[in-house]
Amino acid sequence: MSFEVRHSDLAGRIGKLVTPHGILETPAFIPVVHPVRQSISPRILRMLGFDAVITNAYLAWKHYGDEARKRGIHKIIGSDCIVMTDSGGYQVLEYGKINVEPKTIACFEMEIESDIAVPLDKPTGFGLEHAKAKEYVEDTLKNAKETLELVNSKDSILSNAINHERYHKIRPIWVGPIQGGEHPDLVEYSAKSLDKMGYELMAIGSPVEVMERYEFSILSEMIVSAKTSVPNKPFHLFGAGHPLTIPLIVALGCDTFDSASYILYAKEDRYMHANGTIKLQDLYYFPCSCTVCSKFTTKELLQLDKKQRIIELGMHNLNVIRAEVSAVKQAIIDGRLWEYVLEKGRAHPKLMDALYIFKNLEIVKDGTPRFKKRAIFLFEPFDQYRPEAERFRGMVSNFKPANTKKLILYPEVDIHPFYATTQYRLIKKRLPDAQVCTYNRFLGIIPAEISDIFPAAHNLSLKNYVLQSRVEDYPMFKISLEMFLSRNSFKEVIVVADEFIKEIIKDPNIKALCTKILDFNSNAISNL
Ligand SMILES: [Zn+2]
């Protein structure tokens, strides 16, 4: 298997996954198609921009058996697109036990020439107590181990429909199904075990119920537990097809995700839009201009016969998903995924609540480029935790001033970098030996010497609005200032104080470290 990352931002990445039936550009949404009954055919799905579909191997096995072995899954579903096969584990979740052996399904998946195959797993779902969830994880790991032994064995156990030489050419990418539900220790154990076994693509199972309940925080924790355990392999997320979740899951490092939501929602007359869904009967205007929304009025769509309406609504829903995936990809290229995810967070409080997880998250720091072509936007206190700001403060904590006799702290001005400003030139003229720093509530202390380093010279922050937020909302600034002062033990510290830092130095510990405090006005520099 080959997976090449072309661009990344936060833990999101644009990559290329090579499969036997072509290259899949990620992040990619993989629509679920029923192997027997398809409302929207894989051929149409491809025309709509979906290069891969996922179908159920267990249902194909039950329904087609030898015919599927002979013709292959691509001919059965009528498309030469990339086909991922789920094992049938979800059927366990829906209908209880299923009567098939893991080896039988694995063998079948190879014989029908699946491009991305999942061993028979036992989804933990949501709300399962720890002991029971552990049992499911162990069952899945046992199946996964048996499957990989079968896949790697030289003995021919495959039917005559396929020979080994051919098998090597069309060998599917095997997916390690991570289970454990809302128990992070089990997710971690499951992910690490599958990684060790040699699975190439990791997949997080069971989040459907979590997502149906809009439990985005639990979903994020599940993804982070898995991703942190196996940071470098590509990741799939099962059952994620709500437009609201797409930016979140991509930003946390899910490269592919599948769902039948587009058609399930259509069956319930649910019309997707970028921030959620709405019942068709409550919709007066289409916030979309896809072919469906351009062809009908809301009333006309509602009056179509049920079968036709499901197809049209399904097509529209797919357009919304595709547009969302494209917007996220563009945000990755632009280096604006942080801004995009926060903007999305406004659509639902439970989504915004889940975003706390981005604070100090290693996988997010690792994926964020050290330099971006465009300035980052700093709006609200949470932006002090963006990885670029964290990284900059880390750099400042290692900064060694050439001279520790005198420190001048001067408010950030509109021109970047600070060393190119008139203010800096005037300060240096008066006090050539002083260490001059500017400050920004999101980034902390900015020594003039490194004020051209990203993002010190590449940020745009609100000036008026932020004045309304409280100083206590910026704890990282205080930490950064305290550390800078105590590490460098300046003999003299002169603060040209704007309203923000005036509040900060009310803290007696910080005040004790400052020698002189001047008001920020046009005379400040001549008073130094
Ligand atoms: Zn539309």
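> Lay out the pairing of strand E8 (residues 173-178) with the relevant residues and their values.
Across the six residues that make up E8, a large majority, six, are buried. Burial along E8 is two-sided: the face carrying Ile173, Val175 and Pro177 and the face carrying Trp174, Gly176 and Ile178 are both buried. Strand direction decides the pairing type here: strand E7 (residues 116-117) and E8, joined by two bridges, are parallel. When the sheet's bridge partners are listed, Ile116 is paired in E8 with Ile173. Where E8 and strand E9 (residues 201-204) come together, four bridges link them in parallel fashion. By the bridge assignment, Gly176 is partnered in E9 with Met202.

> Got a sec to walk through the sheet that holds strand E19 (residues 492-497)? Specific residues and values, please.
Strand order across the open sheet formed by five strands is E17-E16-E15-E19-E20, with mixed pairing between neighbours. At either end of the open sheet lies a strand with only one pairing partner, and these are strand E17 (444-447) and strand E20 (516-519). Averaged over all neighbouring strand pairs, the angle between strand axes comes to 25°, with direction disregarded.

> Kindly report on empty space enclosed by the protein, identifying the contributing residues and their values.
The final tally for this structure, using the stated rule, is two cavities of 30 Å³ or more. Quantified by volume, the largest cavity comes out at close to 50 Å³. Around the largest cavity, the lining residues are Glu412, His416, Pro417, Phe418, Thr438, Ile446, Ser451 and Ala456. Within the lining of the largest cavity, the residues separate by chemical class into four nonpolar, three polar and one charged.

> Let's hear about the coordination of the zinc ion: which residues, and what values?
Here the zinc ion is held by Cys288 (SG), Cys290 (SG), Cys293 (SG) and His316 (ND1), and the distances to it run 2.1 to 2.3 Å. Between the four donor atoms coordinating the zinc ion, the angles at the centre fall across 98 to 117°, so the site counts as tetrahedral. As a motif over one chain, the donors of the zinc ion read C-x1-C-x2-C-x22-H. According to the relative accessible area criterion, Cys290 is buried, its value standing at 9%. Residue class for Cys293 comes out buried when judged on its relative accessible area of 8%.

> I'd like to hear about the packing of aromatic side chains, residue by residue, with values.
What the rule picks out here adds up to 18 aromatic pairs. A ring pair is formed by Tyr474 and Phe500, whose centres lie 5.7 Å apart and whose planes are at 90°; its orientation type is edge-to-face. In this pair, Tyr474 is assigned in the loop between strand E18 (459-461) and helix H22 (475-488) and Phe500 in helix H23 (residues 499-504), connecting sequence segments 26 residues apart. In terms of burial, Tyr474 and Phe500 fall into one category: buried. Each ring, one from Phe477 and one from Phe500, has its centre 5.0 Å from the other, and the planes form 75°; the classification is edge-to-face. Here Phe500 lies in helix H23 and Phe477 lies in helix H22, a separation of 23 residues in the sequence. A connected cluster of aromatic rings, assembled from ring pairs, spans Tyr439, Phe442, Tyr474, Phe477 and Phe500. Directly above the ring of Tyr136 sits Lys122, whose terminal nitrogen or CZ lies 4.6 Å from the centroid. For the cation-ring pair, Arg336 lies above Phe377, with the distance from its terminal atom to the ring centre recorded as 4.0 Å.

> Before we move on, can you summarise the domain arrangement of the protein with the specific residues and values?
Under the domain assignment used here, the protein contains domain 1 (2-358) and domain 2 (371-527). Here domain 1 and domain 2 have C-alpha centroids that lie 46 Å from each other. Between domain 1 and domain 2, the contact holds eleven residues from the first and eleven residues from the second. For the pairing of domain 1 and domain 2, the buried interface totals around 1000 Å² over both sides, and the portion due to carbon and sulfur atoms is 54%. On the domain 1 side of the interface with domain 2, the three residues burying the most area are Arg336, Trp338 and Glu339, jointly 51% of the side's total. Applying the counting rule to domain 1 against domain 2 returns four salt bridges. Seen at the junction of domain 1 and domain 2, the total is seven residue pairs in polar contact (both at pLDDT 80 or more). It is helix H17 (residues 337-345) that contributes the most residues to the side of domain 1 that touches domain 2, three residues altogether. Here the side of domain 1 that touches domain 2 is built from residues that sort into five nonpolar, one polar and five charged.

> Which residues make up the sheet that holds strand E2 (residues 12-19), and what values do they have?
Reading across the sheet, the three strands line up as E1-E2-E3 and stay open at both edges, with antiparallel pairing between neighbours. Lying at the two open borders of the sheet, with one neighbouring strand each, are strand E1 (2-9) and strand E3 (22-26). On average, each strand axis in the sheet is inclined to that of its neighbour by 15°, with strand direction left out of account.

> Could you give me a rundown of the pattern of salt bridges, with the residues and numbers involved?
Within this structure, the stated rule accounts for 37 salt bridges. Here Lys372 ties to Glu388 by a salt bridge, and the two come within 2.6 Å at their closest N and O atoms. With Lys372 in the loop between helix H19 (362-367) and strand E14 (376-378) and Glu388 in helix H20 (residues 387-397), this residue pair connects regions lying 16 residues apart in the sequence. Taken together, the shared-partner salt bridges connect Asp9, Arg336, Glu339, Lys372, Arg386 and Glu388 into one network.

> A description of the side chain of Asp9 should follow, citing residues and the corresponding values.
Mapped onto the elements of the fold, Asp9 is located in strand E1. For Asp9, the side chain forms a polar contact with the main-chain nitrogen of Arg336, separated by 3.4 Å. In terms of polar contacts, Asp9 uses its side chain to reach the backbone amide nitrogen of Leu337, at 3.1 Å. Setting aside its immediate chain neighbours within four residues, Asp9 contacts Ala331, Ile332, Gly335, Arg336, Leu337, Trp338, Gly367, Thr368, Pro369 and Lys372.

Reading the values: the criteria
- Residues numbered from 1 in each chain as written.
- Predicted model: local features only at pLDDT ≥ 70, side-chain atom pairs only at ≥ 80, totals over all residues.
- Heavy atoms only, no water.
- Buried < 20%, exposed > 50% of the residue type's maximum accessible area, 1.4 Å probe, protein only.
- Helix = DSSP H or I, 4+ residues; strand = E, 2+ residues; numbered from the N terminus.
- Pairing = 2+ DSSP bridges.
- Axes fitted to C-alpha atoms, helices over the stretch in contact; angles between N-to-C directions.
- 1 Å grid on protein atoms, 1.4 Å probe; cavity = no way out; pocket = protein on both sides within 12 Å on 5 of 7 lines; lining within 4 Å.
- Points joined across faces, edges and corners; volume = space filled by probe spheres on them.
- Nonpolar A, V, L, I, M, F, W, Y, C, P; charged D, E, K, R; others polar.
- Donors = N, O, S within 2.8 Å, 3.2 Å for Na, K, Ca; no water.
- Tetrahedral: all angles 85-135°; square planar, octahedral: opposite > 155°, others 65-115°.
- Phe/Tyr/Trp six-rings, centres within 6.5 Å; stacked < 30°, edge-to-face > 60°.
- Lys NZ or Arg CZ within 6 Å of the ring centre and 35° of its normal.
- Domains from an automatic or database assignment.
- Contact = heavy atoms within 4.5 Å.
- Buried area = accessible area lost by both parts, 1.4 Å probe.
- Salt bridge = Lys/Arg side-chain N within 4 Å of Asp/Glu carboxyl O.
- Polar contact = N/O pair within 3.5 Å; in protein donor to acceptor, adjacent residues only side chain to side chain.

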